[in-house]
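Spelled out from the first residue to the last, the chains are:
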Amino acid sequence: MPTVVPSRLILRLVGLAALGLALLLTMVLGLSVPLPFSLPAPLRSPVPPTSPAPPPITTGPLQARVVRVADGDSLQVTIQATPRTVRLACIDAPELDQPPWGNTSRAWLQSQLPPGTPVRLVPKATDRYGRLVAELIVPGAPRDGAINRWLVEEGQAFVYPRHVDQCDAALYRAAEHRARGRGDGVWQPAGGIERPWDHRLRPREPRHPQPLERPSSPRPASPAASAHPSRSTPLP
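Residues numbered from 1 in each chain as written. Predicted model: local features only at pLDDT ≥ 70, side-chain atom pairs only at ≥ 80, totals over all residues. Heavy atoms only, no water.

Draft legend 1. Spotlight on the pairing of strand β3 (residues 82-88). Pairing analysis gives six bridges linking strand β2 (residues 74-79) to β3, with the strands arranged antiparallel. Across the sheet, isoleucine 79 pairs through a bridge with threonine 82, a residue of β3. The turn linking β2 back onto β3 is made up of two residues, and glutamine 80 within it adopts a positive phi angle of 55°. Inspection of the sheet shows β3 paired to strand β6 (residues 132-137) by three bridges, in the parallel sense. Residue pairing for β6: leucine 88 is matched across the bridge by alanine 134. (Pairing = 2+ DSSP bridges. Helix = DSSP H or I, 4+ residues; strand = E, 2+ residues; numbered from the N terminus.)

Laid out in structure tokens, this is it:
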């Protein structure tokens, strides 16, 4: 007697075969076949938060105000109430441990940029210390207010050969040539003082702390001295 397969079972087998064929076409051919049910979304590992990217270097001029001068080629300013350290581009001033040139260069820059002076910055780069490297211009000041070149012209800084191409190199070298011809500032010694970039390569001498001086305590009087009063003491 032949076995009779129920019609419901036949329909279920046909449906499973159609579903398997649809899944196969989807994986092999990349076809989008509608399914009678929704597949669960694949589990995704949580993406670790990333630190925000550093802000891009602004190429346009920035308005700022001077807070204080640190040395002959760096200062602190505020840009839209945000403090920022600026390294003057294309020049290198004497270090503070190159007396008296470092202090003289800083004093000159302080005289031109007292606190609160409005300035315009032309950014060039950001150095490894996070400082904004820029040309600094004081509107209405002599020599077009170009402080970087003015420092070189006055013999208060050298052209920085390694980075001078960030600026108009011809103008900077011409200013240095004039300062050297006059013997101004760092050019007073023949050939100029030691270049700051060479000075920074020198090993720094270790500073030995000075021993503390102990206060001298009074010596106790000897028994003999206490037994015999001095002659200046009146006798009873």
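Draft legend 2. Structural context of the pattern of salt bridges. According to the stated counting rule, one finds 11 salt bridges in the structure shown. Linking arginine 87 and aspartate 92 is a salt bridge whose minimum nitrogen-to-oxygen distance equals 3.3 Å. Residue classification places arginine 87 among the buried positions, given a relative accessible area of 10%. Judged by its relative accessible area of 0%, aspartate 92 falls in the buried class. Between arginine 182 and glutamate 153 there is a salt bridge whose closest N-O contact spans 3.5 Å. Note that arginine 182 is positioned in helix α4 (residues 169-182) and glutamate 153 in helix α3 (residues 147-153), a separation of 29 residues in sequence. On the basis of relative accessible area, arginine 182 is assigned to the partly exposed category, the value being 43%. Sharing partners across several salt bridges, the network here consists of Asp73, Arg87, Asp92, Glu95 and Arg200. (Salt bridge = Lys/Arg side-chain N within 4 Å of Asp/Glu carboxyl O. Buried < 20%, exposed > 50% of the residue type's maximum accessible area, 1.4 Å probe, protein only.)

Draft legend 3. Representation of the environment of threonine 126 within the structure. Along the polypeptide, threonine 126 turns up in strand β5 (residues 118-126). Taking the relative accessible area as the measure of exposure, threonine 126 reaches 38% and is therefore partly exposed. C-alpha separation for the pair threonine 126 and arginine 87, spaced 39 residues apart in sequence, amounts to 8.9 Å.

Draft legend 4. Expanded view of the packing of aromatic side chains. Applying the stated criterion across every chain, the model contains four aromatic pairs. Ring plane angle 85° and centroid distance 5.3 Å describe the contact between tryptophan 108 and tryptophan 150, whose orientation is recorded as edge-to-face. One end of the pair, tryptophan 108, is in helix α2 (residues 101-112); the other, tryptophan 150, is in helix α3, and 42 residues separate them in sequence. Of the two residues, tryptophan 108 and tryptophan 150, both sit in the buried class. (Phe/Tyr/Trp six-rings, centres within 6.5 Å; stacked < 30°, edge-to-face > 60°.)

Draft legend 5. Structural detail: the pairing of β5. With four bridges connecting them, strand β1 (residues 62-71) and β5 associate as antiparallel partners. Opposite arginine 65, over in β5, you have proline 118 as the bridge partner. The sheet contact formed by β5 and β6 spans six bridges and is antiparallel. Pairing of arginine 120 across the sheet is with isoleucine 137, part of β6.

Draft legend 6. Expanded view of the nonpolar core. Grouped together as the largest cluster of nonpolar side chains are 35 residues, with contacts concentrated most on Leu75, Leu113, Leu121, Leu136 and Ile147. Elements represented by at least two residues in this core include exactly β1, β2, β3, α2, β5, β6, α3 and α4. Excluding its chain neighbours within four sequence positions, the residues that come into contact with leucine 113 are Val66, Val69, Leu75, Val119, Leu136, Val138 and Ile147. Membership of the second largest hydrophobic core comes to five residues, among which are Ala179, Val186, Trp187 and Ile193. (Core = buried A, V, L, I, M, F, W, Y, C linked by side-chain atoms within 4.5 Å. Contact = heavy atoms within 4.5 Å.)

Draft legend 7. Representation of α4 within the structure. Counted at 1.5 Å a residue, the expected span for α4 with its 14 residues is 20 Å, and the 20 Å between its end C-alpha atoms agrees. In this structure, the buried side of α4 is in contact with β4 (91-92), β6, α3 and β7 (158-159). Of the residues trailing α4, glycine 183 is marked for its positive phi of about 75°. (Expected span 1.5 Å × (residues − 1).)

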